[in-house]
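What the coordinates show
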Amino acid sequence: MDLNPAAAAQDVTPPVGRQSGPVIMDLKNITLRFGGVVAIKDISFDIREGEIRAIIGPNGAGKSSMLNVISGFYVPQQGEIWFDGHKRGPMKPYQVARLGIARTFQNIALFDGMSVLDNIMTGRLNMMTAPLWSQALWWGRAEREEVENREEVERIIDFLEIQNIRKTPVGRLPYGLKKRVELARALAAQPRILLLDEPMAGMNVEEKEDMCRFILDVNDEFGTTIALIEHDMGVVMDLSDRVVVMDYGRKIGDGTPDEVRANPDVISAYLGVVQE
Ligand SMILES: Nc1ncnc2c1ncn2[C@@H]1O[C@H](COP(=O)(O)OP(=O)(O)OP(=O)(O)O)[C@@H](O)[C@H]1O
């Protein structure tokens, strides 16, 4: 794998001038085992408010496992997760969502038979607080919430430039647009941390350029903190403020793209030669 960003045919504006805030998530000494397999070995790193944080590493390094720990899907056997100054115990996925953590998936997880609009609306379900009876009658708080939800979803549709497909069933969309709808659904939850699992996987160059631009715009304009896994090194180095590098479940590097690119352990893990 090439660590040289120039190798990627991307044309995205580098994240110059963005200011990261205080630590929003702190992962301390995380170990995760599946039976005899140790997927994550005693890894610590943090995520700062407002930054784009990448997790990279060769196949089987433990990246997806780490994203699943952050999203609350896996509970590590050892270690602590601190979110917004509070230690997080084991949680159900909906509880994690209520904390303000949303994600997209490597394999798109949308409802093919439903329209783009309805798919994005499902991202708001966790925000419905009105009692069931008033939702059924569409009255009072339920009515107000529905109007607010719709307004927020329309804002996201405009922002991601998918107005023209809002009524189209998702199953009919090309791959790149499906990924954009998935991003829209995650954004509909107004997350404080957005987790992106290989957002560019399977995309052509043009689709990757669009997705890069939208990720940067989401980060800039909504101030959303983003943690992502991505195999395309050009994208990672262009987009990220800081990068964690994993190999065989261990952390072998952590820093800015330039620091990581110059790290000998990272270079040898990728068996790559850093080109000037
Ligand atoms: N549910 C599971 N049950 C058993 N072993 C698992 C499970 N999930 C992951 N592993 C193992 O944990 C290790 C790390 O896997 P993980 O999928 O997190 O790596 P990755 O870096 O995301 O890989 P890739 O880039 O290929 O997706 C691997 O050895 C994998 O086989």
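Reference entry: report on the structure contained in this document. (Residues numbered from 1 in each chain as written. Predicted model: local features only at pLDDT ≥ 70, side-chain atom pairs only at ≥ 80, totals over all residues. Heavy atoms only, no water.)

Brief notes about the overall build of the chain
- The helix and strand tally for the chain stands at ten helices and ten strands.
- Among the 276 residues that make up the chain, the fraction classed as buried is 51%.
- Relative to all contacts within the chain whose residues are 6 or more apart in sequence, the contacts with residues 24 or more apart total 70%. (Helix = DSSP H or I, 4+ residues; strand = E, 2+ residues; numbered from the N terminus. Buried < 20%, exposed > 50% of the residue type's maximum accessible area, 1.4 Å probe, protein only. Contact = heavy atoms within 4.5 Å.)

Section: the sheet that holds strand β6 (residues 101-103)
- If you trace the six strands from one edge of the open sheet to the other, you get β6-β7-β8-β3-β9-β10, paired in mixed fashion. Every interior strand has two partners, whereas the edge strands, β6 and β10 (250-255), have only one. Strand-to-strand twist of the sheet, defined as the mean angle between neighbouring strand axes without regard to direction, takes the value 20°.
- For strand β9 (residues 242-247) and β10, the ladder comprises five bridges, and the chain directions are antiparallel. Bridging across to β10, Asp-247 finds its partner in Arg-250.
- Packing of helix α1 (residues 63-70) onto the sheet brings it into contact with β3 (52-56), β6, β7 (193-197), β8 (225-229) and β9, and relative to β7 it is tilted by some 155°. (Pairing = 2+ DSSP bridges. Axes fitted to C-alpha atoms, helices over the stretch in contact; angles between N-to-C directions.)

Observations concerning unusual backbone geometry
- Even without glycine at this site, Gln-190 takes up a positive phi of about 45°.
- Locating Gln-190 in the fold gives a position in the loop between α6 (175-188) and β7.
- Judged by its relative accessible area of 40%, Gln-190 is partly exposed.
- The phi dihedral of Tyr-248 is positive, around 45°, even though this residue is not glycine.
- One can find Tyr-248 in the loop between β9 and β10.
- By relative accessible area, Tyr-248 is classed as exposed at 64%.

Points about the pattern of salt bridges
- Under the defined criterion, the tally for this structure stands at 17 salt bridges.
- The residue Glu-152 makes a salt bridge to Arg-155 at a minimum N-O spacing of 3.1 Å. Placement of both Glu-152 and Arg-155 in helix α5 (residues 141-159) is noted, with a separation of three residues, approximately one turn of the helix.
- Residue Arg-155 is classed as partly exposed on the basis of its relative accessible area, which comes to 42%.
- Across the salt bridge formed by Arg-166 and Glu-154, the nearest N and O atoms sit 2.4 Å from each other. Placement of the pair is Arg-166 in the loop between α5 and α6 and Glu-154 in helix α5, with a sequence separation of twelve residues.
- Classification of Glu-154 by relative accessible area gives partly exposed; the value is 21%.
- Several salt bridges share partner residues, and in doing so they unite Asp-46, Glu-51, Arg-53, Arg-242, Lys-251 and Asp-254 into one network. (Salt bridge = Lys/Arg side-chain N within 4 Å of Asp/Glu carboxyl O.)

Such coordinate-based values are descriptive only and should not be taken to indicate function.
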